[in-house]
Amino acid sequence: MALSRRKFLLGATVTGAWVTWGALPAWGVGATASSAQFMEVSKLLINHQLDETVGARIAAAAAKKYPQCAQMLTSIAALAQAKQAKQVEDFFGDIPEGPLQEFAHWVIFAWYSGCSSPKKDAQLFTFEHALTYKTTADTVAMPSYGFSGPNLWSRPIVPLSNMPIF
Amino acid sequence: MSNPTSADVVIVGTGVVGVSIAETLLDAGLSVLMLEAGPRVSRAEVVENFRNLPLALKGDPSSCYPPAAWAPHPMASIETKEDAYLQLSGPDRYAQSYIRYAGGSTWHWAGTCWRLTPEDMRLKTLYGVGRDWAIDYQTLEPYYTRTEYALGICGPSEPAEQWPPLSEGAARSKPYPMPPLPFGPGEQRFTDVVKTLGYSNIPTAQARNSGTSYDDRPACCANNNCVPVCPVGAKYDAATALSRIEAKGAKITANAVAYRLETDGANRVIAVNYFDQNKASHRVTGKLFVLACNGIETPKLLLMSANARNPNGLANSSDQVGRNMMDHPQLTMTLTLAEPYWAGVGPVVNSGIMETSQGAFRSEHAGAYFRFNNFARNRFVTFGALKKGLVGKALDAEIRRMTACTADVVLAHEVLPDPNNRLTLSDKKDWLGLPKPAIHYDVGDYTRKSAEVYSVPIGKRIAQAMGATDIKLSPQFNQSKHIMGGTIMGLDHKDSVVDADCRAYDHDNLFLPGGGAMASTACGNSTITMVSLAFKAADAMVRQMKGA
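The numbering scheme is per chain: residues are counted from 1 as the chain's sequence reads. Chain letters and ligand numbers both follow the written order, the letters beginning at A and the numbers at 1. Per-residue local features of the predicted model are confined to residues with pLDDT of at least 70, and side-chain atom pairs are confined, for both listing and counting, to 80 or more; whole-chain, interface and lining totals are unaffected and use all residues. To obtain the side-chain values, all non-hydrogen atoms of the structure were included, while hydrogens and water were left out.

Engineer: Sorry if this is basic, but what is going on with the nonpolar core here?
Structural biologist: Across soluble globular proteins, nonpolar side chains show a tendency to be buried alongside one another. Residues belong to a common nonpolar core when they are buried Ala, Val, Leu, Ile, Met, Phe, Trp, Tyr or Cys residues joined through side-chain atoms within 4.5 Å. Buried, partly exposed and exposed residues are distinguished by accessible area as a fraction of the type maximum, computed with a 1.4 Å probe on protein chains only: under 20%, between the cut-offs, and over 50%, respectively. A:L45, A:F91, A:W111, B:I11 and B:M466 are the most contacted members of the largest nonpolar core, which has 204 residues in total. Working definition: helices are DSSP H or I runs of at least four residues, strands are E runs of at least two. Numbering for both runs from the N terminus. Of all the elements, helix α11 (residues 527–547) of chain B adds the most residues to this core, at 12 residues. Residues A:V158, B:C154, B:W342 and B:V345 belong to the second largest nonpolar core, which totals 15 residues.

Here it is, written out as structure tokens:
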């Protein structure tokens, strides 16, 4: 009986016999990543609530940008599971440098910036749900979405330690 | 419905100058026909354009105003050298941004409305540099007040916080129609810090509704999006006035690119020719004509209208059309701060240090004004934070820290009129086959010396007092997008294009009001002075028409 890809990856990680994801056969992995799979991995890479609609847009872009997207998502999920990770800090260091880590950073980039790259022709995934704005939502309004009433912005300086929950 | 072809007054341009004149003329019972090169769009459309831009373009004030093929305007963030609209040369780049849309560039202005001082208008007499104005401050003051009420400009009632400072010759005839807007936390901290250096950071007089509705527009609610567009219309922009002046009888034809003025045997203007978006040519006639299409498009149209009687272009017997191009050359200090300031709470420009623009030093070098840029910082710092490769709590903390603990302080300078800073017609053509503007520009030693011995040293002292741990100063002067000087005003027709009413010396029924007529720049934004000149010109037009 053939090993599932997840079992193979787990075994490789646990025994220290890690090889880069690109060298692995795609046993048991679908040819294309699903939105659900993308969301599952996104929630492992980001410790916050994520919008499903935005995730579907990013997933579609990821599938185009990374031909082996499904395999990479599976690899990341396996690494997280191996550590029984509850947050990204628990396992991100286990993601090998190179294409897999670059992919993981791209997923995080997409959620935080709301677009596909820092270039001017980037694809926009979201403005209002871009996580960068959530980190300062207690004091800075997203441009074009004011949250205070007339003349109600004169307030004390908010400390850096008050990270909003999002 | 066919477009109208004649009116008492034909106005080219529907920006703040054009609509202010139009409303004055309509109220006096005159008929008005306005031509706008670009399209007419809704606020909702522009706001949606902004929201749908990728983050890298959200800081560009023009990006949510894509130019029409027939009415190009500068798009510095995306245009290539090959398709650039402005053809720039010289030691400094006159890289302006403006919008050819109905409503003009007030769509994306910050609303800042600093008056000139009496001294700003007498540089030659007081300091031996530049030019004196053809009018003095007392003559302009009633028009400043009129502008403050027409646009809805809020400002302080305390004389110590007003600009210009209360002095002999600078008295205000009326208070501002609305009180100033409160400071956000970063501006308040900046104000407290510069006070320790002896500087007063005072509330910006600005065309934005403070705590109340005004002129059928709502109160500002701190969307922090004045540039590139106010989502709710709390900030004045000329687009808010278009429907009102139409209700008063104005006829507005959009997508109408004026390309030539015709003159008769007496050298009076008799018609404007324009192309529509299908390249079909049309002709409109009138009794008076106003070119209010900004300090670049107005001189360009005058130069394009050269004819046998006016071989160097209309209004150009002085050879000053397109010369003396001016702006407020600015340097930006991007600071990393030890403690949070939280820029981005409130409107984008809300305060400034103006007193540094004045002094006897102006015989030697330019003055400067300093402002804390109050734009939300996320859009500027996000890529930098992500590039560090952080994840999880560390990434959140870094974005939050960089948003709170970075700030831009802008040093905006005055510049002198120099005939060598010149707009001409390029041999490169636009979509309609019309020449693109070519502009040679050098900010000059007067301004460069200011940066060297005055403004940058002050800026660094401010940065140090703010607790900056890192200072990045822009390596060259950038433009403030305050276009001035291309049709300069003066008392002598031999070295000036327009008289004290912005009437062309060469054509007694042609008016060229706005920033192009300004004879000095000072350091503060030019719009309130442009509109004040527009009202003065409009009064002259009414007198001329009623006396005719």
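Read on for the rest.
Engineer: Help me understand helix α8 (residues 378–387) of chain B in this model?
Structural biologist: Three or four residues apart is the spacing at which side chains of an α-helix point the same way, because the helix has 3.6 residues per turn. Among the 10 residues that make up α8(B), seven are buried, leaving the element largely enclosed by the rest of the structure. Residues of α8(B) that are buried include every one of B:N378, B:R379, B:V381, B:T382, B:F383, B:A385 and B:L386, and no others. Considering only its buried residues, α8(B) is in contact with α5 (99–113) and α6 (131–134) of chain A together with α9 (392–404) and β12 (406–413) of chain B. Contacts are residue-level and defined by heavy atoms, with any inter-residue pair within 4.5 Å sufficient.

Engineer: Help me understand the sheet that holds strand β15 (residues 468–473) of chain B in this model?
Structural biologist: In a beta sheet, neighbouring strands pair by backbone hydrogen bonds and run either parallel or antiparallel. Residue and element names in this part refer to chain B. Judged by pairing direction, the sheet is antiparallel, and its four strands sit side by side in the order β11-β12-β9-β15 without closing on themselves. Looking at which strands have only one partner, the edges of the open sheet turn out to be β11 (368–372) and β15. Between one strand axis and the next, the sheet turns through 20 degrees on average, direction left out of account. Across seven bridges, the pairing between strand β9 (residues 330–337) and β12 is antiparallel. By the bridge assignment, L331 is partnered in β12 with L411. Fitted lines through C-alpha atoms serve as axes, helices being fitted only where they are in contact, and the angles separating the N-to-C directions of these axes extend from 0 to 180 degrees. Packing of helix α10 (residues 445–466) onto the sheet brings it into contact with β9, β11, β12 and β15, and relative to β9 it is tilted by some 20 degrees. Two strands pair under a simple rule: DSSP has to find at least two bridges between them.

Engineer: Teacher, can you tell me more about the interface of chain B and chain A here?
Structural biologist: Note on interface size: it is often stated as the accessible area lost on association of the parts. With 55 residues of chain B at the interface, the matching set in chain A holds 49 residues. Across the chain B to chain A interface the summed buried area is about 4,000 Å²; carbon plus sulfur atoms make up 65%. In terms of surface lost to chain A, no three residues of chain B exceed B:R51, B:D396 and B:R400, which account for 17% of the buried area on that side. Take a side-chain nitrogen of Lys or Arg and a carboxyl oxygen of Asp or Glu: if they are within 4 Å of each other, that pair is a salt bridge. Inspection of the chain B/chain A interface yields one salt bridge. In this structure, the salt-bridge partner of A:D138 is B:R400, at a minimum N-O distance of 2.9 Å. Within 3.5 Å is the distance limit for a polar contact, defined as a pair of N or O atoms, with the added protein rule that one can donate a hydrogen and the other accept it, and that residues adjacent in sequence qualify only through two side-chain atoms. Run the count over chain B and chain A and you get 19 residue pairs in polar contact (both at pLDDT 80 or more). Amino acids outside the nonpolar list (Ala, Val, Leu, Ile, Met, Phe, Trp, Tyr, Cys, Pro) and the charged list (Asp, Glu, Lys, Arg) are all regarded as polar, and Gly is one of them. When grouped by side-chain class, the residues that make up the side of chain B that touches chain A number 31 nonpolar, 16 polar and eight charged. Once two parts are put together, the accessible area they lose, assessed with a 1.4 Å probe and summed over both, is termed the buried area.

Engineer: Could you clarify how one ought to interpret the UniProt feature "domain: Glucose-methanol-choline oxidoreductase C-terminal" (unreviewed entry) in chain B in this entry?
Structural biologist: Annotation from UniProt places "domain: Glucose-methanol-choline oxidoreductase C-terminal" (unreviewed entry) at residues 417–534 of chain B. Taken end to end, residues 417–534 of chain B is 25% helix and 19% strand, and its two terminal C-alpha atoms sit 21 Å from one another. UniProt positions are given in the numbering used here, feature names are shortened, and annotations may be inferred rather than shown by experiment.

Engineer: Just checking my understanding: could you explain the packing of helix α5 (residues 185–195) of chain B against α10(B) for this structure?
Structural biologist: When two helices pack together, their arrangement is given by the angle between the helix axes and by the axis-to-axis distance. Residues and elements named next belong to chain B. Across the interface, α5 lies against α10 with an axial gap of 9 Å and an inter-helix angle of 115 degrees. The angle between α5 and α10 falls in the class roughly perpendicular. Here α5 and α10 pass one another in a crossing that is right-handed. For the pair α5 and α10, contact is made by F190, V193 and V194 and by I462, A465 and M466, respectively. Its residues placed into classes, the contact of α5 with α10 shows six nonpolar, no polar and no charged. Any angle that is under 35 degrees is reported as roughly parallel, and any over 145 degrees as roughly antiparallel; angles of 65 to 115 degrees are reported as roughly perpendicular and all others as oblique. Crossing handedness follows the turn of the near helix against the far one: under a right angle anticlockwise gives a left-handed crossing, and clockwise gives a right-handed one.

Engineer: Any chance you could explain the sheet that holds strand β14 (residues 435–440) of chain B here in plain terms?
Structural biologist: Residues and elements named next belong to chain B. The strand order β3-β14-β13 describes an open sheet built from three strands, whose pairing is mixed. What marks the edges here is a single partner per strand, and that holds for β3 (87–89) and β13 (422–429). In this sheet, neighbouring strand axes are inclined to one another by 30 degrees on average, regardless of whether the strands run parallel or antiparallel. Bridge count between β13 and β14: five bridges; the pairing is antiparallel. Within β14, the position partnered with T424 by the bridge is A438. Running at roughly 70 degrees to β13, helix α7 (residues 294–304) makes contact with β13 and β14 of the sheet.

Engineer: Hey, could you run me through the packing of α5(A) against α8(B) in this one?
Structural biologist: Contact geometry of α5(A) with α8(B) gives a least axis separation of 11 Å together with a crossing angle of 160 degrees. One finds that α5(A) runs roughly antiparallel with respect to α8(B). The interaxial crossing formed by α5(A) with α8(B) has right-handed handedness. Two secondary-structure elements touch here, α5(A) through A:I108, A:F109, A:Y112 and A:S113 and α8(B) through B:T382, B:F383 and B:L386. Residues of the contact of α5(A) with α8(B), tallied by class, amount to five nonpolar, two polar and no charged.

Engineer: Is there a simple way to explain the environment of B:S157 in this structure?
Structural biologist: All names here are of chain B. Within the fold, S157 resides in the loop between α4 (137–151) and α5. Since its relative accessible area comes to 60%, S157 is described here as exposed. The sequence separation of S157 and A463 amounts to 306 residues, and the corresponding C-alpha distance is 29 Å.

Engineer: Explain the packing of aromatic side chains here, please?
Structural biologist: The description of an aromatic ring pair rests on the distance of the ring centres and on the angle between the ring planes. Aromatic contacts are taken between Phe, Tyr and Trp rings whose centres are within 6.5 Å, Trp giving its six-membered ring; a plane angle under 30 degrees counts as stacked, one over 60 as edge-to-face, and the others as tilted. Throughout the structure, instances matching the rule amount to 17 aromatic pairs over all chains. Note on A:F127 and A:Y145: the rings are 6.0 Å apart at their centroids and 50 degrees apart in plane angle, and the pair reads as tilted. With A:F127 in the loop between α5 and α6 and A:Y145 in the segment after α6, the pair connects residues that are 18 residues apart, well separated along the chain. Look at A:F127 and you get buried, because its relative accessible area is 2%. Judged by relative accessible area, which is 30%, A:Y145 ranks as partly exposed. Where B:F190 meets B:F372, the ring centres are 5.6 Å apart and the plane angle is 35 degrees; that geometry is what we call tilted. You can see B:F190 sitting in helix α5 and its partner B:F372 sitting in strand β11, a full 182 residues away along the chain. You'll find B:F190 and B:F372 in the same group, each marked buried.

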